[in-house]
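The chain contents come next:
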Amino acid sequence: MKISDHADHTEKLYKLRAEDIHKWIDGYFDRQGFDEFLQIGRTPGFNPYTHRKFRHCHEALPEVIKEFSYKYANDQIQNVFECHIKDDYDNYIPTREDFSNGTFSEKYHESEESKEKILTSGELERYFSGNYSGRKQNRSSPERFGLRIVLPAIISLIIFILSIFLIILPLFHESLMEEKKEMIMEISSVAVSILDYYASMESEGSFSREKAQSTALDEIQKLRYGPDHENYFWITDMQPVMVMHPWRPDLNGQDLSDYTDSKNRSGKKLFVESVQLVQDWGGGFLEYLWQPDESSLRVVPKLSYVQGLPQWKWIIGTGIYIHDVEDEISRLTDHLVIIFLIISFLMFMILVYMVIESRTIERNRQHAETGLIEAKERYRALVEASNEGYILILNHRNIFINPTFQRMTGYTEQDLLSGSIWDQLFTSSVRSNSLKFHLENLKSEAPNPDEFEAMLRCQSGSFIDVVVRVSRIFLSEENGQVVSFRPIIHSSLPLYIDTVTADNPDIILKEIQASESNAHVVRILNQLPLSIRSMLDLNVGAEKIRIYISKVYSFSVQRIIELSIDEMGKPPADFAFLSLGSSGRQEMTLFSDQDNAIVFNSEKTGEGLEATRLYFLNLADKVCSRLNQAGFPYCPGGIMAVNPAYCLSLEEWYKKYSYWITKADNNSLLDIHVFFDLSYVWGDGYLVDELKLYIFKLSQNRPEFLSHFAGNCLQYKAPVGLLGTVKTEERDGMSVVNLKECLIPLINFVRIYALRSEISETSTLIRIRSLEDIGVLNKPSAKDLKKAFEILWELRFTNQIISHGALRKVNDDLILKNLSVQNRKDLQWALSVISGIQSRLSFDFLGMDIS
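Computed from a prediction, not measured in an experiment: that's the story for all the values here. (Residues numbered from 1 in each chain as written. Predicted model: local features only at pLDDT ≥ 70, side-chain atom pairs only at ≥ 80, totals over all residues. Heavy atoms only, no water.)

Trainee: When you look at the overall build of the protein chain in this model, what are you seeing that I'm missing?
Mentor: For the protein chain, the helix and strand inventory stands at 30 helices and 17 strands. Within the protein chain, the fraction of its 851 residues that count as buried is 46%. A total accessible area of about 42400 Å² is found for the protein chain, and carbon and sulfur atoms account for 53% of it. (Helix = DSSP H or I, 4+ residues; strand = E, 2+ residues; numbered from the N terminus. Buried < 20%, exposed > 50% of the residue type's maximum accessible area, 1.4 Å probe, protein only. Areas by Shrake-Rupley, 256 points an atom, 1.4 Å probe, with all protein chains shown as cover.)

Trainee: Looking at this structure, how should I read the packing of helix H18 (residues 518–526) against helix H22 (residues 609–629)?
Mentor: In a packed pair of helices, the relevant descriptors are the angle between the two axes and the axis-to-axis distance. Two elements in contact, H18 and H22, have axes whose closest approach is 9 Å; the angle formed by their N-to-C orientations is 35°. When the axes of H18 and H22 are compared, the crossing they make is right-handed. Counting all contacts with H18, which are made through Asn518, Ala519, Val522, Leu525 and Asn526, the residues of H22 involved are Arg626, Leu627 and Gln629. (Axes fitted to C-alpha atoms, helices over the stretch in contact; angles between N-to-C directions. Left-handed = near helix turned anticlockwise from the far one by under 90°. Contact = heavy atoms within 4.5 Å.)

Trainee: What is the right way to read a negative patch on the surface from this model?
Mentor: Taken together, the side chains of Glu174, Glu178, Glu179, Glu182 and Glu186 define an acidic patch exposed on the protein surface. The residue Glu174 is located in helix H8 (residues 142–204) in this model. (Patch = residues over 30% accessible without salt bridge, like charges linked within 9 Å, V, L, I, M, F, W, Y side chains within 5 Å. Salt bridge = Lys/Arg side-chain N within 4 Å of Asp/Glu carboxyl O. Lys, Arg positive; Asp, Glu negative; His and termini not counted. Charge placed at Lys NZ, Arg CZ, Asp CG, Glu CD.)

Trainee: Where do I start with the side chain of Asp671 in this structure?
Mentor: Mapping Asp671 onto the fold places it in helix H24 (residues 666–675). If sequence neighbours within four positions are ignored, Asp671 has contacts with Lys66 and Trp660.

Trainee: Would you mind going over the sheet that holds strand E4 (residues 300–309) with me for this structure?
Mentor: Two pairing modes exist for strands in a sheet, parallel and antiparallel, and in both the strands are linked by backbone hydrogen bonds. Strand order in the open sheet formed by 5 strands is E2-E1-E5-E4-E3, and the pairing between neighbours is antiparallel. The two strands at the open ends of the sheet, each matched to only one other strand, are strand E2 (242–244) and strand E3 (283–290). Sheet twist, expressed as the mean angle between neighbouring strand axes with direction ignored, is 35°. In the sheet, E3 pairs with E4 via 8 bridges, with the strands oriented antiparallel. Looking at the pairing, Trp290 lines up with Val300 of E4. (Pairing = 2+ DSSP bridges.)

Trainee: Honestly, the packing of helix H25 (residues 685–701) against helix H26 (residues 703–713) in this entry has me stumped. Any pointers?
Mentor: At a closest axis distance of 4 Å, the pairing of H25 and H26 adopts a crossing angle of 95°. When the axis of H25 is compared with that of H26, the two are roughly perpendicular. Facing H25, whose interface residues are Ser699, Gln700 and Asn701, H26 presents Pro703, Phe705 and Leu706. Tallied by class, residues from the contact of H25 with H26 come to 3 nonpolar, 3 polar and no charged. (Parallel < 35°, antiparallel > 145°, perpendicular 65-115°, else oblique. Nonpolar A, V, L, I, M, F, W, Y, C, P; charged D, E, K, R; others polar.)

Trainee: What is the right way to look at the packing of aromatic side chains in this model?
Mentor: Two aromatic rings are characterised by how far apart their centres lie and by the angle between their planes. Summed over all chains, the structure comprises 31 aromatic pairs. Ring geometry for Trp24 and Phe68: centres 6.3 Å apart, planes at 85°, overall edge-to-face. Here the residue Trp24 occupies a position in helix H2 (residues 19–25), and Phe68 occupies one in helix H4 (residues 61–68), the gap between them amounting to 44 residues. The buried category is assigned to Trp24, whose relative accessible area is 9%. (Phe/Tyr/Trp six-rings, centres within 6.5 Å; stacked < 30°, edge-to-face > 60°.)

Trainee: How should I be thinking about the pairing of strand E5 (residues 314–321) in this particular structure?
Mentor: On any regular strand, side chains alternate: one points to one face of the sheet, the next to the other face. For E5, the tally of buried residues reaches 8 of 8 residues, placing the bulk of the element in the interior. Both faces of E5 are covered, namely the face carrying Trp314, Ile316, Thr318 and Ile320 and the face carrying Ile315, Gly317, Gly319 and Tyr321. Of the pairings in the sheet, the one linking E4 to E5 comprises 8 bridges and is antiparallel in character. Its bridge partner lying in E5, Leu303 is registered against Ile320.

Trainee: Honestly, the pairing of strand E6 (residues 389–394) in this entry has me stumped. Any pointers?
Mentor: Taking burial as the measure, the 6 residues of E6 include 5 buried ones, the bulk of the element. By the bridge criterion, 4 bridges tie E6 to strand E7 (residues 397–401) in an arrangement that is antiparallel. Residue Leu394 lies in a different strand from E7, and its bridge partner there is Arg397. Between the antiparallel neighbours E6 and E7 lie 2 residues, among them Asn395 with a positive phi of about 55°.

Trainee: Help me out: how do you make sense of the pattern of salt bridges in this one?
Mentor: Working definition: two side chains of opposite charge can pair if their charged atoms are close together. All told, the structure shown has 24 salt bridges when counted by the stated rule. Close ionic contact of Arg486 with Glu388 constitutes a salt bridge, the shortest N to O distance being 3.8 Å. Of this pair, Arg486 sits in strand E10 (residues 478–487) while Glu388 sits in the loop between helix H11 (323–385) and E6, placing them 98 residues apart in sequence. The partly exposed category is assigned to Arg486, whose relative accessible area is 39%. Its relative accessible area of 22% is what places Glu388 among the partly exposed residues. Between Arg585 and Asp677 there is a salt bridge, with the nearest N and O atoms lying 2.9 Å from each other. Remark: Asp677 occurs in the loop between H24 and strand E14 (679–683) and Arg585 occurs in the loop between helix H21 (581–584) and strand E12 (596–600); sequence separation between them is 92 residues. In this structure Arg585 comes out as buried when scored by relative accessible area, which is 10%.

Given below as structure tokens:
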């Protein structure tokens, strides 16, 4: 849809056009596309590149609200945003994951979408069954093409010509005549007013009738009008006898009862008709033939207006020659013929262009149709040859089972396509019930994609451990799902997974460093959960696991960057790849998402700023996409180096931090929480050092910023009740506490004191030690903080592992009743520590006691 179409729709629904919001939503979009642009190279004036996936998804809503909250209410922004996205994606709002896994591709507001489905549901089912060879292609012959394209254009041209000569010209002639009549009537009123004047003088006794009439005749005889003063007035009486005619004095005093049209002696008795008009209507128009001047012998059409003067029983008349109207029509016709010839020529050229372009479009359509069929055949061959089993569900029906799944389970295609299959594939067990419930509810409007481990029951009665992943697709304008089944083959795990011990956790790290391809790094990262399980079985402590996860992540990023640079060529400038948030603090779990950025030195490059940024955007795209494949999902808020907003030069980062610290509003402070925890994973460390020094200097020069920051930190409260009990929330009928929300106040407390003390370390525990070393924290307080952090992080990590193993959705909600008595006491103690530090934070930065 076009921007105007989106605006029309929101205006109809919400009485709000909001074209600026629509333009913002599509502002990251370009017809070429990011990948194509990277292949083409630098295009002058093109801004590289505002990643398309970041604005046409559900996660972009907070950003658009932030952008336009100064102008619109939040609900108005949300209505416009959701209406725009649903218009583009058939009443569905994609998530960022939908773009990442290929479920959706971005829409462009310039393009018009086809209304016809490429394949219907039935055709798709026959296609995947191998019984569909495509629709009969309608290849139009040149004759039919001419009828469809050329003939309508010719008919339009003929209608255009006829409308000019049969409608426009007659209307124009009629309009001119009406104008002439109005002019004659207005001029006649002048002469009549003169006669009325002298008639009134007679009635008042100022003049005798004879003197009044003679004086009036003298004045009327002298009246002339027209371009050449060729038009005049004449007067007759009601007999009719000519009283005065300035051009034909020979008629004065003569009886004109028998006087007829000059060319037709037996024709119109124009003066008798004048008397009749005055008697019947008081006056009117009269057409006849008359000589155009005194000496002329020829006669031409003339239009006259006559009006009676009752006092003297006179008739005064005047007229114009209407051959000039015909001349004007003739001139107009000549001009129209010339214009018509020009327009006809232009229309002919446009028609030729339309024919050429239409034939090109027709050929391209046929090629695209052929290519589409070939692509579908290749896709079908790929799915059939895959080592994973696939079930394709469309419109709540299983329409395709690939041969791998049939071989895996021993069921025939007919067995699996008929009715509900989940009961026969999965037994009723704790491990499978969540999966079965999820699969049975695929008919819901937007089921979340998810991944499960389960035991698949074969027809023979044996079982296979599999990873089941449900992904959304959008095919033939209908929502569907692909359910994939990947066998877990425990006996063929790499050797380094089995040999990880508490004393030797570095085997995977060495394997990553020795990787020769990004694909190999991804495969190693995919084994990280098994490695962590092995460490848990060996009772490795939470701190070592946390450090190990962060090391594996950092080593992987470093190796992916190195391999990508080998592929892309030397970077055009010094740069550093930054880790932010939990990865910047080295406090990741197995289920953390990506938070990263890039800083580069634009002063040490031979290329322009945008050309340099383009290189790093391309590099970031490779790194972020590989991490996503390896199980570290894209940041829902788009805080990644692949986003041009966070792939900046050092000077641009200075400006961004200056804006955040100077403005210090809620939105800026939200960004600060993430971007103050930065560490570099790979690159030139001096850039990060300079950036941190700038941050410290800027924050020290603005002490009011720390007060605003502290106030913002105090908004995050520990979930503690009045009597020190753990305050819970109700989720799905369970009393839960969010462990991430428990950690945030502690991390914020340590962060703001580290910022004030100019501590450059990012790890929360290292920051606590540093604050203890410089005397900001005494030894007991530091010990309590470290212990509280360890308790909360270990509970969070363990809860995520248990949720994943139990096939529950992995999040930070801890079901309180599942805790042991000791763990509940530890949680309550840790939360009491957080309440205490928030009182100190309020006193130190805001000068108040909130205890």
